[in-house]
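Single-letter residue listing:
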Amino acid sequence: MGSAADGSLANEKAPETVGVGRYVEREQDGGSNTAKSRLSGLLWHGGSAYDAWFSCASNQVAQVLLTLPYSFSQLGMLSGILFQLFYGLLGSWTAYLISILYVEYRTRKEREKVDFRNHVIQWFEVLDGLLGRHWRNVGLAFNCTFLLFGSVIQLIACASNIYYINDKLDKRTWTYIFGACCATTVFIPSFHNYRIWSFLGLVMTTYTAWYLAVASLLHGQVDGVKQSGPTKMVLYFTGATNILYTFGGHAVTVEIMHAMWRPQKFKAIYLMATLYVLTLTLPSAASVYWAFGDELLTHSNALALLPRTAFRDAAVVLMLIHQFITFGFACTPLYFVWEKLIGLHDCRSLCKRAAARLPVVVPIWFLAIIFPFFGPINSAVGSLLVSFTVYIIPALAHMITFRSAHARENAVEPPPQFVGRWTGTFIINTFVVAWVLVVGFGFGGWASMTNFVHQIDTFGLFTKCYQCPPPPLPSTGAAPNVTWPPFPATPFNATAAGAGIAPAPAPSSPAHFFGRHHRHHIHGL
């Protein structure tokens, strides 16, 4: 790194280089070394490279771990593996670009004696400082919308998971309950305070990933298992965009970097986090797809197919806690934007800031109730929002920021030699923009929105219980205590409906009785 960065960012003793949280702590603690302050530092106040690694890895995998087997059923085994490796590499590259732009922006501002002690730098401010207000507005719109729907997805995932432990309440009611629980994240000041949560979150997803892998292998392949994917373009690109979403979790990169004591150490952190995440996602998705095959097309949550055991219930509970943590990760940048809008971002009162943040939770709660489509919503968000927020915009911003020879000569962080310096970086960025624009946004947007519209057409908005089994039919004298199979083919195969409606069942079959004319019996509408 250049000397400018070493002089401004690397010096931990300088207040303006240590991040807002760390400076305030030292000022308040006054050198206190009591047991309480040491415990607080251990669990609450984090800003090291390890904290950033835990935050990146924990935030990246999240609930999408449960939908990756669903993506494999759409893509097929080979494409599923290749897309994970490819988008993992692409995501690490654009996270690197974001970190370079952050260091460039912060160094320039610190040379101008700007004080960040009570201000958290965000991505739209980096774009504003380097490229102007038009870039700021575009970045703010995409980033906030993505984080909004990222929070929505966490609420949907909470309701979907808890239903497999307690189905006495429908998923919509569980969404109400978890919306209230997740609203408590307003009391977490910043990413500086996620130390213990990030660590626990990664432990939880590690357990869940290996539970999925081991349980699927022990279960073995179901009778007559078919692994026919890919079969339709709409399914193929829907699955691909879900994986694009999986490795697009670096929309909070700037906030995580700003919480670090030495943010210039971030450069390789996201890549290392991605490599660890691949050790979780590849074995779990491949194992579940090997065991259940095409059944996953109608079960976007992999936990739905595994038998209920104490180990599965433990996985559900741990994922619920982790989704609460990930909700906070996605929502905290929105809290910062809202605080800056209403003028409370530099307020020292935690209670005032928490009360001011509550209106941010309300639209998230409402959208989770409208669109409870676990799985398909990941693909839609990935193609329409993630593609621009964390792939296209960072690559374009890096090229435009350093387009002049003067900017390249004075760059705080020049590209490394192994990527070809500036020429190689420009070529890679051009490829990222072209690929994600055509494949991710173009084909992926078409496929995911086609699938999403079919979810609405099949299940309806505000559905009480998305992909829930129908209630048992009342017994009759001719057939006492009869219950039909829980997942009829036509109404629940919404993904297949996106590719082509299956033939109608015979009139005498149970599936015919639970056809579209009786949809309210299935979904509780």
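This text follows the structure it describes.
The numbers attached to residues start from 1 for each chain and follow its sequence in the written order. For a predicted model such as this one, the threshold for reporting local features is a pLDDT of at least 70, and the threshold for listing and counting side-chain atom pairs is 80 or more; totals across whole chains, interfaces and linings nevertheless cover every residue. To obtain the side-chain values, all non-hydrogen atoms of the structure were included, while hydrogens and water were left out.

## Let's talk about the overall build of the chain
Labels follow the DSSP assignment, with helices taken as runs of H or I lasting at least four residues and strands as runs of E lasting at least two, numbered in each case from the N terminus. Of the regular secondary structure elements, the chain holds 22 helices and zero strands. Only protein chains enter the accessibility calculation, which uses a 1.4 Å probe; a residue is then buried when its area is under 20% of its type maximum, exposed when over 50%, and partly exposed in between. Counting across all 525 residues of the chain, residues that qualify as buried make up 57%. Considering only contacts in the chain between residues 6 or more positions apart, those separated by 24 or more positions represent 85%. For the area figures, the Shrake-Rupley method with a 1.4 Å probe applies, and any residue is considered shielded solely by the protein chains shown. Carbon and sulfur atoms form 67% of the exposed surface of the chain, whose accessible area is close to 21,100 Å². The criterion used for residue contact is that any of the two residues' heavy atoms lie within 4.5 Å.

## Focus on helix H14 (residues 310-342)
Between the first and last C-alpha of H14 there are 47 Å, a value that for 33 residues agrees with the 48 Å anticipated at 1.5 Å per step. Gly343 sits one or two residues past H14 and shows a positive phi near 80°. In this analysis, the expected span of each helix is defined as 1.5 Å times one less than the number of residues it contains.

## Observations regarding the packing of H14 against helix H15 (residues 350-370)
Describing two packed helices takes the angle between their axes plus the distance from one axis to the other. Relative to each other, H14 and H15 sit at 120°, their axes nearing to 9 Å. By the angle between their axes, H14 is oblique relative to H15. Like other packed secondary-structure pairs, H14 and H15 cross with a definite hand, here right-handed. The segment H14 lies against H15, with Phe327, Cys331, Leu334, Tyr335, Phe336, Trp338, Glu339 and Ile342 engaging Arg353, Ala356, Arg357, Pro359, Val360, Val361 and Ile364. Residue classes in the contact of H14 with H15 are distributed as twelve nonpolar, no polar and three charged. Interaxial angles span 0 to 180 degrees and are taken between N-to-C directions of axes, which are lines fitted to C-alpha atoms, for helices over the stretch in contact. Geometric relationships in this document are graded by angle, where less than 35 degrees denotes roughly parallel, more than 145 denotes roughly antiparallel, 65 to 115 denotes roughly perpendicular, and other angles denote oblique. For any helix crossing, the convention is left-handed if the near helix is rotated counterclockwise from the far helix by under a right angle, and right-handed if that rotation is clockwise. The nonpolar class holds Ala, Val, Leu, Ile, Met, Phe, Trp, Tyr, Cys and Pro. Asp, Glu, Lys and Arg form the charged class, and all remaining residues, Gly among them, are polar.

## Thoughts on the side chain of Arg357
Relative to the elements of secondary structure, Arg357 occurs in helix H15. Judged by its relative accessible area of 0%, Arg357 is buried. Polar contacts, as counted here, are pairs of nitrogen or oxygen atoms within 3.5 Å of one another; within protein the pair requires one atom able to donate a hydrogen and one able to accept it, and residues that are adjacent in sequence qualify only if both atoms are side-chain atoms. A polar atom in the side chain of Arg357 sits 2.6 Å from the side chain of Glu339. Beyond its immediate stretch of four places on either side in the chain, Arg357 contacts Thr185, Val186, Ile188, Pro189, Tyr335, Phe336, Trp338 and Glu339.

## Things to note about the side chain of Gln60
Summarising the element assignment, Gln60 is placed in helix H4 (residues 49-61). Accessibility expressed as a relative area gives 3% for Gln60, which makes it buried.

## Focus on the environment of Phe54
The residue Phe54 is located in helix H4 in this model. A C-alpha to C-alpha distance of 9.4 Å links Phe54 and Ile269, two positions 215 residues apart in sequence. Setting aside chain neighbours within four positions, we find Phe54 in contact with Ser198, Phe199 and Leu202.

## Overview of the nonpolar core
What we call a nonpolar core is a set of buried Ala, Val, Leu, Ile, Met, Phe, Trp, Tyr and Cys residues that are connected through their side-chain atoms within 4.5 Å. Ranked by internal contacts, the top residues of the largest apolar core, which has 137 residues, are Val126, Leu212, Phe266, Ile377, Val381 and Tyr391. Those residues in contact with Leu212, other than ones at most four positions away along the chain, are Leu65, Leu66, Ser284, Val288, Ala302, Leu303 and Leu306.

## Brief notes about the packing of aromatic side chains
Pairing of aromatic side chains here covers Phe, Tyr and the six-membered ring of Trp, requires ring centres within 6.5 Å, and sorts the geometry by plane angle: under 30 degrees stacked, over 60 edge-to-face, intermediate tilted. The final tally for this structure, using the stated rule, is 24 aromatic pairs. Relative to Tyr276, the ring of Trp53 lies with its centre 5.5 Å away and its plane at 65°, an arrangement referred to as edge-to-face. Of this pair, Trp53 sits in helix H4 while Tyr276 sits in helix H13 (residues 269-292), and the two are 223 residues apart along the sequence. Measuring from ring centre to ring centre gives 6.3 Å for Phe86 and Phe431, while their planes differ by 80°; the resulting arrangement is edge-to-face. Of this pair, Phe86 sits in helix H6 (residues 77-111) while Phe431 sits in helix H18 (residues 421-459), and the two are 345 residues apart along the sequence. Through successive ring pairs, a cluster of aromatic residues spans Phe83, Phe86, Tyr87, Tyr236, Phe237, Phe431, Trp435 and Phe443.

## Brief notes about the packing of H6 against H13
For the pair H6 and H13, the least separation of the axes is 10 Å and the interaxial angle reads 165°. One finds that H6 runs roughly antiparallel with respect to H13. The way H6 lies across H13 gives a crossing that is right-handed. Each of Met77, Ile81, Gln84, Leu85, Gly88, Gly91, Ser92 and Ala95 in H6 lies in contact with H13, whose residues at this interface are Tyr270, Leu271, Thr274, Leu278, Thr281, Leu282, Ala285, Ala286, Tyr289 and Trp290. Its residues assigned to classes, the contact of H6 with H13 comprises twelve nonpolar, six polar and no charged.

## Quick notes on unusual backbone geometry
Unlike most non-glycine residues, Lys113 shows phi in positive territory, near 65°. With respect to the helices and strands, Lys113 occurs in the loop between H6 and helix H7 (123-131). One non-glycine residue, Arg421, adopts positive backbone phi at about 55°. You can see Arg421 is positioned in helix H18. On the accessibility criterion, Arg421 (41% relative accessible area) is partly exposed.

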